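# Close look at the chain arrangement
Chain by chain, the residues:
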Amino acid sequence: MDKNHQSNYKLSKTEKKLLRKQIKARHTLLRHEGIETVFYATQSLVVANGGLGNGVSRNQLFPVLEKCGLVDALLMPPNKPYSFVRYATMEESKKAYDTLNGEEIVDDLGQKIILYLNFVEKAQWKEFGLQALPPGLMVIEEIISSEDEKILLESVNWTEDTDNQNFQKSLKHRRVKHFGYEFHYENNNVDKDKPLPGGLPDICDSILEKWLKEGFIKHKPDQLTVNQYEPGHGIPAHIDTHSAFEDEIISLSLGSDIVMDFKHPDGITVPVMLPCRSLLVMTGESRYLWTHGITPRKFDTVQASSRGHKSGIITSDVEDLTLNKRGIRTSFTFRKVRQTPCNCSYPLVCDSQMKETSPSFPENDKEASQLEQEYVHRVYEEIAGHFSSTRHTPWPHIVAFLKDLPNGSLVADIGCGNGKYLGINKELHMIGCDHSQNLVDICRERQYQAIVCDALSVPIRSGSCDACLSIAVIHHFATAERRVAALQELVRLLRPGGKALVYVWAMEQEYKKNKSKYLRENRIGQGKKKEISSHTPVQELLMKQMPDVGNQDAACSVPSNNDFQEGGCISRKGTNSKLPIHINRTSFHSQDLLVPWHLKGNPGKDKAVEPLCGPLGSHDSGPVLHRYYHVFCEGELEAACQTLSNVSILQSYYDQGNWCVILQKV
C-alpha cells in the first residue's frame, strides 16, 4: 500500500507486518539486484518471491496474477526469486497490488510462499542470444519406445547379490552398475586389463545394432555404466579421459527429463535439455574439450513452449521459462574402450599428447620455489598484456581502504600487477612492486612508480610504510610456510600502527547462499535486454515459441575435478600427487590447483583484447597456460596471520569470492 493510502486510516497489526515485509522486499531488490521500485502506480509490478529461483513455476504464478486482470507480459528471469508482470491497464495493476500483496501460494514441494508486489516504472532483464549446441553434440528424441524403456528399466536388478562383479555399492548420490569394464570415478578411466565377465547385457545388443544401422553411432560400444539418480542429485562436471575411450560417447536418458550443462574452458556454459527416451551423442569438440555435468537440484528451468521438440538449448528467454520437476532418472552411458593413444585435435587438454605432465605438490621449499617460477612467474610474464587488459575495475572495499588513509601516507602495493590501485588516491605516495617485468613496465608506462622484486624480499626499508596492499598475491605461494613468510614481509614494511589489506582467493565461491561474481559470470555469451515498460506497446509475450534447435550441431564446456568432497576444504599432498587442473567459472574442489589462462592473440602491453567469454564458435587457438593457486578456506587466512608477532587483526571479511583481512602492526 502507498503512503497516501496509509495516511487515511490506522493500520492494523497484520497490515503493519505486511508493509514491513513489502518494504524489506523493496530494499532487497534494490540492494542485490539493482531493481528500483516506485511509490506511484504503473502498469508493471515486480513480484518478490514469485520466481523460478524459489520454486514458483509459470503455471503456478500466471493464474494467480490473472485473477486481477489481463496480463500482457510475465517475465521470469532464470534462477531469480522474483518476476515481472505487466497488466493491460493501470486499474488492473492497482488491483493486483492491493489484493495480491501477502498472497500465499504453495509450490510443487508443498512449501508455502508469500508474494510481495511493488510497482516498477520499467521491468527489464538481460536476455542472452540463442547459441548453437557444442560442435559434435547431437540429441535424438524418442530414440526408443516407451515399451522398450520399460523393458530396459526392468532389466536392471539393483538388489542382486553383491558378489556379482557388475554390482557396485551405491555412490553418495546414486546407484551404479558397470558392464564390460568398471568405470573408475576417481580418474574417469577404466582398467583395460581387467574386463568384467559377461560383457554388455544381451538386451542392449539389438538396440545398439539398430543405432549403428541408422547411422546414429559409428562404433559398437564395449563398456556400459548404468546410473540411477534421485531428484535433487547430479553429476560433477567432467570430461571422460581421452586415452581411455574412443571419440564417441553416448548416453540414453530413461525415466525423467534432465538438463545437462556443457561448459567450454573459457567458462561459457550451455544448458541442454535431454528429454526422457532421448540419446545424447558426444563427438569431437563436445566430447574432448567441453565438460558435461548435471547440477544437483529438484527442478530444472526449461522452456515453457517447445514446438513439439523438447531437446536443445535452454535459452534465457524470460518470456518462455518455467520449472520442470525432476523424477527418478536412469542413464545408460555407452563407451568404446580405446586401445591406442588418443590423437585428437585438442593436444593441450589430451592426456595422450600432453608434452608436460601436471606438476606434483611440492614437498620442500626448493620444489615450491620451482613450482612458483614455472607456474606463476613465467606465466604472468607471458600473459602480462592480456592479463592487464582484463584488470581495469578497482574493487570498492580496496578503494575505500585507500581513501581512508591520511594524506601523505606512504603505501606499498606488493604484487601490484598493472597498477590499477596505484592512482586511486592522489594524496598518497604509492609504490608498486611485482615479480613480472612486463607488468612493471605497464605500470611505468602509466606514470606510476613500480619496481621488480620478490614478495618475500621487498627492497624497502623496514618500518617505513604507513600501509601495504597484498591483493591476490599470497594464494600463489605453494606452501603454508611461504604464505606466512609473505605475510611477515608485509608486517616488516609497516611502521607501528601501520595497516595492511590482504586479499586471497576463497575456496568458498558460494557463501551465505550467494554465488561470487566468478561463478555468476558463467553464462552464455553476450545478450540483449528484454524489457517491458509502462510506455511500450502491448506484445504477445506469453505464447512465444522456442526455435527448433534439436538438430543443430553444437559445442559445450564444463571441466571436471575428481578431488570433490562435500563440506570442508581439500588440499591433497600425497606422494607424487599431481595438482588438479581447475575448470574456469566452476566451484573449487581442491585447495591446491592449476587454473587455466586462455591467452588470446598477442596483444601489446596496453592493447585491449576480446573478452574471455566471446560467442561460441569464435574460440581462438591461443595457448593455454596454467597458474598455480592455493585457495583459502574460511578462517585459514586469519589463522596464518595469528602466527605473526606484533600484529592484530582489525577486520576480516568475505568479498566476492575472496577472504580478506586488515592487519595492524602493534
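Rules used throughout
- Residues numbered from 1 in each chain as written.
- Predicted model: local features only at pLDDT ≥ 70, side-chain atom pairs only at ≥ 80, totals over all residues.
- Heavy atoms only, no water.
- Helix = DSSP H or I, 4+ residues; strand = E, 2+ residues; numbered from the N terminus.
- Buried < 20%, exposed > 50% of the residue type's maximum accessible area, 1.4 Å probe, protein only.
- Areas by Shrake-Rupley, 256 points an atom, 1.4 Å probe, with all protein chains shown as cover.
- Pairing = 2+ DSSP bridges.
- Axes fitted to C-alpha atoms, helices over the stretch in contact; angles between N-to-C directions.
- Contact = heavy atoms within 4.5 Å.
- Patch = residues over 30% accessible without salt bridge, like charges linked within 9 Å, V, L, I, M, F, W, Y side chains within 5 Å.
- Salt bridge = Lys/Arg side-chain N within 4 Å of Asp/Glu carboxyl O.
- Core = buried A, V, L, I, M, F, W, Y, C linked by side-chain atoms within 4.5 Å.
- Disulfide = S-S within 2.5 Å.
- Nonpolar A, V, L, I, M, F, W, Y, C, P; charged D, E, K, R; others polar.
- pLDDT = per-residue confidence, 0-100.
- Bend = angle between axes of the 7 residues up to and from the residue.
- Polar contact = N/O pair within 3.5 Å; in protein donor to acceptor, adjacent residues only side chain to side chain.
- Phe/Tyr/Trp six-rings, centres within 6.5 Å; stacked < 30°, edge-to-face > 60°.

## So, the overall build of the protein
Scanning the protein from N- to C-terminus turns up 13 helices and 35 strands. Expressed as a percentage of its 666 residues, the buried residues of the protein come to 53%. As presented, the protein carries roughly 30300 Å² of accessible surface, and 50% of it is formed by carbon and sulfur atoms.

## Here we look at the environment of Leu644
Summarising the element assignment, Leu644 is placed in the loop between α13 (636-642) and β34 (647-654). C-alpha of Leu644 to C-alpha of Leu487: the two residues are 157 residues apart in sequence and 8.1 Å apart in space.

## Some remarks on the sheet that holds strand β6 (residues 116-120)
Spatially, β2-β3-β1-β6 is the arrangement adopted by the four strands of the open sheet, whose pairing is antiparallel. Whereas interior strands pair on both sides, the edge strands pair on one side only; in this sheet they are β2 (71-75) and β6. Sheet twist, expressed as the mean angle between neighbouring strand axes with direction ignored, is 25 degrees. Inspection of the sheet shows strand β1 (residues 44-48) paired to β6 by five bridges, in the antiparallel sense. Looking at the pairing, Val46 lines up with Asn118 of β6. The strands that helix α2 (residues 13-33) touches are β1, β3 (82-87) and β6; relative to β6, the one it contacts most, it runs at about 55 degrees. Seen against the sheet, helix α4 (residues 90-100) touches β1, β3 and β6 and runs at an angle of roughly 150 degrees to β6.

## Here's the deal with a nonpolar patch on the surface
Side chains of Leu348, Val349, Met354 and Ile581 sit close together on the surface and give an oily, nonpolar patch of about 290 Å² of accessible area. For Met354, the position within the fold is in the loop between β23 (329-337) and α8 (365-389). Here Met354 falls in the partly exposed class, since its relative accessible area comes to 33%.

## Regarding the nonpolar core
If you look at the biggest cluster of nonpolar residues, it comprises 33 residues, and the most contacted ones within it are Ile414, Cys468, Ile474, Leu487, Val502 and Leu637. Put simply, the parts of the chain that give this core at least two residues each are β24 (410-414), β27 (465-471), α11 (480-493), β28 (494-505), α13, β34 and β35 (658-665). Here this core gets five residues from one element, more than from any other, and that element is α11. Core analysis: the second largest hydrophobic core is formed by 29 residues, Ala368, Leu371, Val376 and Leu579 among them.

## Digging into the state of the cysteines
Within this structure, the stated rule accounts for zero disulfides. Cys342 carries a free sulfur, and the closest cysteine sulfur to it, the one in Cys344, is 3.6 Å from it.

## Quick notes on the packing of α8 against helix α10 (residues 437-445)
Where α8 meets α10, the axes come as close as 7 Å, and the angle between the chain directions of the two elements is 35 degrees. On α10, the residues that touch Tyr380, Glu381, Ala384, Phe387 and Ser388 of α8 are Gln437, Asn438, Leu439 and Ile442. Residues that form the contact of α8 with α10 fall into these classes: five nonpolar, three polar and one charged.

## Description of the confidence of the model for the protein
Looking at the protein, pLDDT values average 81 and 79% of them are 70 or higher. Note that residues 1-7 has pLDDT below 50 and, in this model, twelve contacts with residues that lie over four places away or in other chains. Note that residues 602-621 has pLDDT below 50 and, in this model, 40 contacts with residues that lie over four places away or in other chains.

## A look at α8
The largest bend in α8 is about 70 degrees, located at Ile383. Here α8 starts with a cap whose side-chain oxygen sits 3.2 Å from the backbone nitrogen of Lys366, and that cap is Asn364.

## Overview of the packing of aromatic side chains
Remark: the centre distance and the inter-plane angle together describe each pair of aromatic rings, the angle taken between the planes. In the structure shown here, the tally under the stated rule is 14 aromatic pairs. Ring centres of Tyr82 and Phe84 lie 5.8 Å apart, and the angle between their planes is 70 degrees; this geometry places the pair in the edge-to-face category. The burial state of Tyr82 is the same as that of Phe84; both residues are buried. Ring geometry for Tyr503 and Tyr653: centres 6.0 Å apart, planes at 80 degrees, overall edge-to-face. Of the two residues, Tyr503 sits in strand β28 while Tyr653 sits in strand β34, which places them 150 residues apart along the sequence.

## Description of the sheet that holds β28
For sheets, the rule is that strands pair by backbone hydrogen bonds, running either parallel or antiparallel. What the seven strands build is an open sheet, ordered β26-β25-β24-β27-β28-β35-β34; its pairing is mixed. The sheet is open, and its two borders are formed by β26 (450-452) and β34, each paired with just one other strand. The sheet shows a mean angle of 15 degrees between the axes of neighbouring strands, taken without regard to direction. Of the pairings in the sheet, the one linking β34 to β35 comprises seven bridges and is antiparallel in character. Across the sheet, the residue bridging to Tyr654 is Trp659, located in β35. Here α11 sits on the sheet in contact with β24, β27, β28, β34 and β35, set at roughly 150 degrees to β28.

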